[in-house]
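Topology and contacts: notes
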Amino acid sequence: VSDSDVSQYLTVNAKPFSVQSQTGTPQTIVPRGYVLTALIREELFSKALAKTSGGAPSQSEVTAAEQQLTQGASQAQQDKQYTQYGFKASFASLDLRDSALEGLLAQRVGATTDAGPIFQAIENLHLGVSVSARYGSWDESSLALKTDPADGAPSFVQLNVASYANEAPVVPSS
């Protein structure tokens, strides 16, 4: 996945924003990282599905899974959910496909409320996901990008972001 692959789903207005997670805690979404995560997950889910007994899903299977997820929402309604945060409308389709593939994989591997079988199917692919340090690091345990400031930095680099925020800038003396 290249930087241009990621950029094609973002507008110049894409900036980090906060939402409430399913547990009710605030969560910051970094659009560039969110798109990269969706692209990686789509690839992982597609490859894992191809290895299941049903093989790669047909387009009609994916479309049916997508329709089940949207519950009758129009394309315009779906697009608006993304464009308000700086994503291009085309990202709505990618994110929906990612979720549909995850659901199909869950069905095929027998995952109900436990995601363990999904993680096992991905792990069985023996694919290493490496991400440029400027994006963060890939977390195999959650199939998501970690974007904390120190993620992706070499182990010998220790970042203390809080201390920098509280210090006055250093101005060189003349």
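Residues numbered from 1 in each chain as written. Predicted model: local features only at pLDDT ≥ 70, side-chain atom pairs only at ≥ 80, totals over all residues. Heavy atoms only, no water.

1. A closer look at helix α2 (residues 31-50)
The end-to-end C-alpha distance of α2 is 29 Å, a good match for the 28 Å that 20 residues give at a rise of 1.5 Å each. Of all 20 residues that make up α2, 14 are buried, and the element is covered over most of its length. (Helix = DSSP H or I, 4+ residues; strand = E, 2+ residues; numbered from the N terminus. Expected span 1.5 Å × (residues − 1). Buried < 20%, exposed > 50% of the residue type's maximum accessible area, 1.4 Å probe, protein only.)

2. Looking at the packing of aromatic side chains
By the definition in use, this model includes 8 aromatic pairs. On the basis of an interplanar angle of 90 degrees and a centroid distance of 6.3 Å, the ring pair of Phe17 and Phe87 is categorised as edge-to-face. Remark: Phe87 occurs in the loop between α4 (75-83) and α5 (90-109) and Phe17 occurs in strand β1 (residues 17-20); sequence separation between them is 70 residues. Taking relative accessible area as the criterion, Phe17 reaches 15% and is therefore assigned buried. Considering the side-chain rings of Tyr82 and Phe91, the 5.4 Å spacing of their centres and the 80 degrees angle between planes classify their relative orientation as edge-to-face. Relative accessible area serves as the criterion here: at 19%, Tyr82 is assigned to the buried category. Of the aromatic side chains, those joined through ring pairs into one cluster are Tyr9, Phe17, Tyr34, Tyr82, Tyr85, Phe87 and Phe91. (Phe/Tyr/Trp six-rings, centres within 6.5 Å; stacked < 30°, edge-to-face > 60°.)

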